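Residue-level structural notes
So you can see what is in the structure, the chains are spelled out below.
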Amino acid sequence: MEIQRFLLGLYGFFCIYTSLSAESTCKLKAKFNLNGYKDVEKKRVVVGGMFPVHMRVASTDGNTSRVPVSSGCEGFNFRTFRWTQTMLFAINEINERTDLLPYTDLGYVIYDSCYTISKAVEGTLTYLTGQDEAVPNYRCGNGAPLAALVGAGGSDLSTATARILGLYHFPQVSYFSSCSSLSNRFPFPTFLRTIPNDDHQSTAMAQMVLHFGWTWVGIIAADDDYGKYGIKAFKEQVEEAGVCISFSETLPKVSSPEAIHSIVQTVVESTAKIIVVFSSEVDLSPLITELLQQNVTNRTWIASEAWITSALINQPGVNSVLAGTLGFGVKRADIPGLQHHLLDLDPYTDPLTEEFWETLFNCTLNYERALQMAKERAEEVNSTLPRAVRGVLNGLCNGKESVAQLNDTYSDVSQLRITYNVYKAVYAVAHALHNLEHCEPGKGPFTGKSCANITNFEPWQLMYYLKNVRFKVPHTEEEIHFNDGEIEGFYDIINWQVNRDGEISYVNVGHYNGSAAQEHRLHIMNDSIVWNNEVLEPPRSVCSENCQPGTRKGIRQGEPVCCFDCIPCADGEISNTTNARECILCSGDYWSNEANDACVPKIIEFLAFEEPLGITLIAISAFGALVTIGVGVVFVLHIGTPLVKANDALLSFSLLFSLVVTFLCSIVFLGEPQNWSCMTSQVALALGFALALSSIMGKAAVLMLRAQALKAVRVKAKAAAKAAKAAAEAAANSGNPDVIATNINNNDISATTNPEVDSLTCAHQRAITAVATLIQAIACTVWLIVLPPHPIKNTSAQNIKIILECDEGSVVFICCIFAYDILLALLAFVFAFIARKLEDHFSEAKCVTFGMLVFFIVWISFVPAYLSTRGKFMVAVQIFAILASSFGLLTCIFFPKCYILLVKPERNREEMMRPRAKPRDGCSTGTSASLATAATEINASFASTAIDDQGT
């Protein structure tokens, strides 16, 4: 017994010594200035909460000459204060239930984070300590165990608190922190949330942009994790789908008018009509104010869930800027009894509610403060105290003002979205505690199948139940469970529409379900959307308009891919889709249409019989053939006349026949080329001209030989005449008359020495014609056998047409064949030109000469004309050359003869075919009828010369 007392005394001494040592070594460094609610007395479990009731910390003077004091907060936020009251309402509701935690009363400790990380950290440390003083790593006091922290508002705040709470495996259930970075379980192992992960929201925004075909958007994000991670995920998805970012701006966390003004200028200067904003209401509010001041309209704003239903943004007058806004809101619900709780407040219960009341009604609940304020106002206006006292009544609240009559953001329960998330978070903690409390011994989840004690459990034990909790939310029957700390991504799509009162109303126009199939996730009722400026069609937001079919996209150097020029496709290329990157080349027998959006069959071109040009050429060809046949008939009717017999009649008929062939073969060139027509047209033309030119050559050869013979006879006659004259002069000088008689006899003898009439007979001429034509016929036969002409589709001459034409088969063959015709023409021309001075009453040599000149002129003109044309006009030029040359030969050679036969028959006599007397001046030469008549002329001339000489 004595030993036990000694040991107890020793233990007590040790405890006292330890306490005194701690007091001498431990020192409280700071005392935090925190606002909130606290109710922990006689409670079995305490639930923590953190809400950004104020929008910022109050500025300090920065004085370092005194003990630092934790900064206060300013900028009361009625919306977040409603969230705070919702947690109180939910805890009271749970405490009153008999089916949920029936043996446990929940207490609460709620702090104001002031939307500042430092305040959130202060609240977290204070909450973990269990007192109003923060002692890291210590839980001071013997109060009720701490269950979990509901909070802490924005993603930045939750990131800071989650890092601290994660060190102690302390559960945190957030209602508003949606940043995707918080899903990382390594730095945030105990973080859960009742708001969807922003990855879902970023995907939903990207799908909305793609749904409406917007390819040119601006993005604005808050300078925190919420804005940075959310906009980053959105940007990656839309850029992968081909959307371009016009500008990317960051909202400052600290008030900066210069930065806000710069962002507004960027918005004004950008051509993007769609602007995506990932920001909280607090960070966005200064930008909206500046947009209103500068009256920036005609923009459609895509809102994140943090501000889509914010009353701080939806202030009077914003409809000119924000009407038509589309955004994503978390699930909405009605919470029965909440509005009554919100309206049934006692402003004197705590400082935070008192501040709310004074801010809401713009008054003060403190009489002394009101009196002091009244005195200050009285001094400013030099008023007396009684008036100042009367002024106190105007600025003093009585605590009985009606909150319901103001109809402000705090009491508005029409859009309970984040509020509903707070409600679900509190119930999630309650159900986890309920499961922990009702654990059956021996069936527990912990070591040895043990259970935790509701009055003394560790945070990590509650974390197990929170991760596996599954319950239905009261009044809504929504089933809640966490999938690795996350819930399903479901959003309502909200459209800001101006109602009849000129105020903004939130209209549900669709939804996004992240757990549905990819193609069914986004559902938008397009007809229900009212766009900015009340237009019915979705606004267009593109850097460049879509390139229509027939054009392709030409990227502008140094600009985003959404900025491009539409370049028309070249001829022969098409694009049949919108925004085609390349044009497609039409192949084969196809070509692009005028719009360059489809390949159409090329135009088939050939000189058809039925078209006007073809009909005209047929008529001319038929006319030429008929005229030639008519000339042949005239020659047949006058076959026995001297004019027809003057030269071989058979050659004349062969020439006429060849002209008929050339006239008619031009018709074969018309129509769609076939194998038979290609061979017939070219061969008939070659043989026709060969026969015609060889016949002319035979005629011209006879005329040339006659002219040469006559020239020789005349030379001899002139020499004989000179000799006779000399003899006569000699006789006259000698006086011997016999000399004269002898000379006369000599003249008679010379007169009888006549040359052959024609060295080329008709048989010779016919043989020449036949041989010349036969050579051409043999060449054509070889041509047809070796490389015959055949029809082809010429696609190279004209891009839009397929020209059906005849391929000659061999350039060498056709050049040789028509070169042979040219040779015959040259020979005929040379022969006729030599005989051109052989004159009689008809002058056939001159006619042949002119005919050949016309022939050459036509074909020389044909070559450049043929080479400068394409398609059916090449055929027309060729036919024209054939007809012109044929008409030239017919006209020059046969029309003078027909004129004599039909109009001047009196000239068709034998003596008219004889040569005319040569003038003495020698200016006229020649004959053309026969060498016999030429001999007669020579004798007569010789005799007359002798007589004249004798007379002399």
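This text gives an overview of the structure that appears in the document. (Residues numbered from 1 in each chain as written. Predicted model: local features only at pLDDT ≥ 70, side-chain atom pairs only at ≥ 80, totals over all residues. Heavy atoms only, no water.)

1. Here we look at helix α21 (residues 762-786)
Taking 1.5 Å as the rise per residue, α21 with 25 residues should run 36 Å; its terminal C-alpha atoms sit 36 Å apart, in good agreement. Taken together, the buried positions of α21 are Q765, T769, A772, T773, Q776, C780 and W783. (Helix = DSSP H or I, 4+ residues; strand = E, 2+ residues; numbered from the N terminus. Expected span 1.5 Å × (residues − 1). Buried < 20%, exposed > 50% of the residue type's maximum accessible area, 1.4 Å probe, protein only.)

2. Let's talk about the sheet that holds strand β1 (residues 36-39)
Here 6 strands make up an open sheet; going across it, the order is β1-β5-β2-β6-β7-β8 and the pairing mixed. Each edge of the sheet is formed by a strand with only one pairing partner; in this case those strands are β1 and β8 (191-193). When the angles between neighbouring strand axes are averaged without regard to direction, this sheet yields 25°. On the sheet, helix α3 (residues 117-129) packs against β2 (45-51), β5 (106-112) and β6 (146-150) and is oriented at approximately 175° with respect to β2. (Pairing = 2+ DSSP bridges. Axes fitted to C-alpha atoms, helices over the stretch in contact; angles between N-to-C directions. Contact = heavy atoms within 4.5 Å.)

3. Comments concerning the environment of F490
By secondary structure assignment, the location of F490 is in strand β16 (residues 490-498). In contact with F490, not counting residues within four places along its chain, are P196, V330, K331, H511, Y512 and N513.

4. Details of the sheet that holds strand β27 (residues 801-807)
What the 3 strands build is an open sheet, ordered β25-β27-β26; its pairing is mixed. The open sheet terminates on both sides in strands that have one partner only, identified here as β25 (603-605) and β26 (790-794). For this sheet the average axis-to-axis angle between neighbouring strands, irrespective of direction, equals 25°. With 5 bridges connecting them, β26 and β27 associate as antiparallel partners. Looking at β27, one finds that I792 is bridged to E805.

5. Quick word on the state of the cysteines
One covalent bond between the sulfur atoms of two cysteine residues makes up a disulfide. Under the definition given, this model contains 9 disulfides. Between the sulfur atoms of C543 and its disulfide partner C563 the distance amounts to 1.9 Å. The sign of the S-S torsion, about 105°, decides the handedness of the disulfide formed by C543 and C563: right-handed. Taken together, the residues C543 in the loop between β18 (522-524) and β19 (551-555) and C563 in the loop between β19 and β20 (564-568) connect sequence positions 20 residues apart. Across the disulfide from C547 sits C566; the S-S distance is 2.1 Å. Linking C547 and C566, the disulfide has an S-S dihedral of approximately -95° and is accordingly described as left-handed. Within this pair, whereas C547 is found in the loop between β18 and β19, its partner C566 is found in strand β20, the two being separated by 19 residues in sequence. (Disulfide = S-S within 2.5 Å.)

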